[in-house]
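A closer look at the structure
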Amino acid sequence: MQNWTEHPAHQYAVDVTLGRIVAPKYVVKACNRYLDDLDRMDESGLEFRHKTAAAYCAFFPKALKHYKSSFAGKPFELLPWQQFAIWNLFGWYGPDGYRRFHYALILISRKNGKTTLAAGIGLLMMVMDGEGAPEAYYAATKRDQAKIAFQDAYQMSLASKTVKQYLNVRKHDIVPKKGGGRLAYLGSNHDSMDGLNTHFACIDEYHAHPDDHVFNVLKSSQGQRPNGLHLTITTEGFNPDGPLKHLKKYCRNVLDDLVEDEAQFALMYELDEEDDWTDETAWLKANPSLESAMNIEEMRREFNQAVNQGGSKEVEFKTKRLNTQVNAAETWIPDEIWQDGESDEVPEGECYAGLDLASVSDMTALVLVMPMNGGYFL
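Residues numbered from 1 in each chain as written. Predicted model: local features only at pLDDT ≥ 70, side-chain atom pairs only at ≥ 80, totals over all residues. Heavy atoms only, no water.

Considering a positive patch on the surface
On the surface, Lys-65, Lys-161, Lys-164 and Lys-177 cluster together into a patch of positive charge. Exposure remark for Lys-177: the relative accessible area of 45% places this residue in the partly exposed category. (Patch = residues over 30% accessible without salt bridge, like charges linked within 9 Å, V, L, I, M, F, W, Y side chains within 5 Å. Areas by Shrake-Rupley, 256 points an atom, 1.4 Å probe, with all protein chains shown as cover. Salt bridge = Lys/Arg side-chain N within 4 Å of Asp/Glu carboxyl O. Lys, Arg positive; Asp, Glu negative; His and termini not counted. Charge placed at Lys NZ, Arg CZ, Asp CG, Glu CD. Buried < 20%, exposed > 50% of the residue type's maximum accessible area, 1.4 Å probe, protein only.)

Focus on the pairing of strand S12 (residues 365-372)
By the bridge criterion, five bridges tie strand S11 (residues 352-356) to S12 in an arrangement that is antiparallel. Across the sheet, Ala-353 pairs through a bridge with Leu-368, a residue of S12. Where S12 and strand S13 (residues 375-377) come together, three bridges link them in antiparallel fashion. The residue of S13 that forms the bridge with Met-372 is Gly-375. (Pairing = 2+ DSSP bridges. Helix = DSSP H or I, 4+ residues; strand = E, 2+ residues; numbered from the N terminus.)

Some thoughts on the packing of helix H2 (residues 25-39) against helix H5 (residues 80-91)
The relative placement of two packed helices is expressed as an angle between their axes plus a distance between the axes. Where H2 meets H5, the axes come as close as 12 Å, and the angle between the chain directions of the two elements is 45°. By the angle between their directions, the pair H2 and H5 is classed as oblique. At the point where H2 passes H5, the crossing takes the left-handed sense. Contacts between H2 and H5 pair Ala-30, Cys-31 and Tyr-34 from the former with Phe-84, Trp-87 and Asn-88 from the latter. Classifying every residue of the contact of H2 with H5 gives five nonpolar, one polar and no charged. (Axes fitted to C-alpha atoms, helices over the stretch in contact; angles between N-to-C directions. Parallel < 35°, antiparallel > 145°, perpendicular 65-115°, else oblique. Left-handed = near helix turned anticlockwise from the far one by under 90°. Contact = heavy atoms within 4.5 Å. Nonpolar A, V, L, I, M, F, W, Y, C, P; charged D, E, K, R; others polar.)

Remarks on the packing of aromatic side chains
Considering all chains together, one arrives at 23 aromatic pairs under this definition. Their ring planes at 75° and their centres at 5.9 Å tell us that Tyr-34 and Phe-48 sit as a pair that is edge-to-face. Of this pair, Tyr-34 sits in helix H2 while Phe-48 sits in strand S1 (residues 47-48), placing them 14 residues apart in sequence. The class of Phe-48 is buried, set by a relative accessible area of 8%. (Phe/Tyr/Trp six-rings, centres within 6.5 Å; stacked < 30°, edge-to-face > 60°.)

Some details on the sheet that holds S13
Pairing in this open sheet of three strands is antiparallel, and the strands run S11-S12-S13 from one edge to the other. Looking at strand neighbours, the two that pair on one side only are S11 and S13, the edges of this open sheet. In this sheet, adjacent strand axes meet at a mean angle of 30° when their direction is disregarded.

Thoughts on a negative patch on the surface
A surface patch of like charges, here negative, comprises Asp-36, Asp-39, Asp-257 and Glu-260. Tracing the chain through its elements places Glu-260 in the loop between helix H10 (243-255) and strand S10 (264-268). Judged by its relative accessible area of 73%, Glu-260 is exposed.

Regarding the layout of surface pockets
Of the voids in this model, the largest pocket is the one considered here, and its volume is about 780 Å³. Forming the boundary of the largest pocket are 30 residues, of which Phe-71, Lys-111, Asn-112, Gly-113 and Thr-116 lie nearest the centre. Of all the secondary-structure elements, those providing two or more residues to the lining of the largest pocket are helix H6 (114-127) and helix H13 (311-321). By residue number, the principal contributor to the lining of the largest pocket is H6, which donates three residues. Here the residues of the lining of the largest pocket sort into eight nonpolar, 12 polar and 10 charged. Considering only enclosed or pocket space, the second largest pocket measures out at about 540 Å³ in volume. Lining the second largest pocket are 23 residues, with Lys-248, Arg-252, Glu-270, Glu-273 and Gln-325 positioned closest to its centre. (1 Å grid on protein atoms, 1.4 Å probe; cavity = no way out; pocket = protein on both sides within 12 Å on 5 of 7 lines; lining within 4 Å. Points joined across faces, edges and corners; volume = space filled by probe spheres on them.)

Looking at the nonpolar core
Core analysis: the biggest nonpolar cluster contains 87 residues, and Phe-60, Ile-121, Leu-123 and Tyr-138 have the highest contact counts within it. The dominant element in this core, judged by the number of residues it contributes, is H6, at nine residues. Judged by nonpolar contacts, the second largest core, of 13 residues, contains Trp-283, Leu-284, Ala-286 and Ala-306. (Core = buried A, V, L, I, M, F, W, Y, C linked by side-chain atoms within 4.5 Å.)

Overview of the pairing of strand S7 (residues 182-186)
Of all five residues in S7, four are buried; the element is thus mostly enclosed. Relative to S7, strand S4 (residues 135-139) runs parallel, the two sharing five bridges. Residue pairing across strands places Ala-139 opposite Leu-186, the latter belonging to S7.

Rendered as C-alpha cells:
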C-alpha cells in the first residue's frame, strides 16, 4: 500500500470522527486522539511507524486462521476496529525509541471476538517483537478462565506454519525454539505470579476481579520490558464498585484530556448515557463486529426475551450485550409499573410493617400495609 492513509485502520479513525461509523463517545475521542497525535508529532516527540503498524496488522491474516464455527479454516482477517487497535498499539513510538503504549483497555460486549484477538496478540508479540526470552501470560480470577484465551492461541498455533517456525506448541504452554520464554496462562494464585518477567500480560474479564491484585502484580512484573504491553480486555460486569470501574474512569479522564498519560490506550465500546437500549442502531456502539462477524438474529432473540421477561434477563442483556452498567433495582421494577402505583391519598389507622433484610447481594425491602375499605393499602 503506497499511501498508508488508505489503510483500513486509519480509515476507521476518519470514518468514526466523521460519523460514517456509529461509535460511542469515547471511541470517537480515541479516534480523534490518534488523528490529533499525527498532527502534533513534531512538537510531542511521538513517532508513528506506519510500515511497522501495517506489518503487525498483516500478521493476523498471514499467519493465523480461525478454528471455530463458520469461520474455521479461514484467515484471521481483522475487522476495522481490531485493525485500529493493533495499528495504534504497535505503530506508535515514544521519544525514547520504544513503543508508546504500555497499557491498554479494550472494553467490548460479549461475542465480538475479544478473546480470539487477545490470543492473536499474545502470539504476535512472541513471534514479531524479537524480544529476548519473551514471557506472555493470560490471567484471570480462575485458571480455567485464563485458559480460554490460551486455548485459542494453542489451536491457532497448531494450524500456523509461521508460528511453528518460531515456537514449540505444547498443551499447557507455547515456548520459543531458541532463547527461552513462554506463553502460558495463570490463575489469581499469588504463588503462580512470583518472579515473572512479563513482556505481554492480558487480564481477561476484568469485571470479575474482586480487586486489582492480579492487575498490579502483572503490571509490576514488566519493569524490564520497555516494549511490554499490559492489556485489559473485558466486557462489563455486575459489580458497580469493582476495579474495572476505576480503570474506566481513569481511561475516560485520559481521553477527556483531564489526565496526561501517553502510555495508556483505551477503546471503550458501550452505549452512551442518552442512548435507547431498544434501538438496534445504538447496539452498534457496544458491538463494532455486529454488521460483519456477529449473528444479529441471535442478538434479537436475546433482546426479545429481555423485553418480555424483564428482570435478570434484561439486566443480562444490557450488561453483557450492550456493556451498560445496570442498577438491578431500577430494572427489577420497571418505571411504568412503579409510577402506576403512585397515589396522593394518605389513609389513617392501623398499619402493619414487613421488613426483609438483605444478607449479601439481594435487596432490603420494607412494606407498609393498612386495612382499607375491605382491602389493603400498600
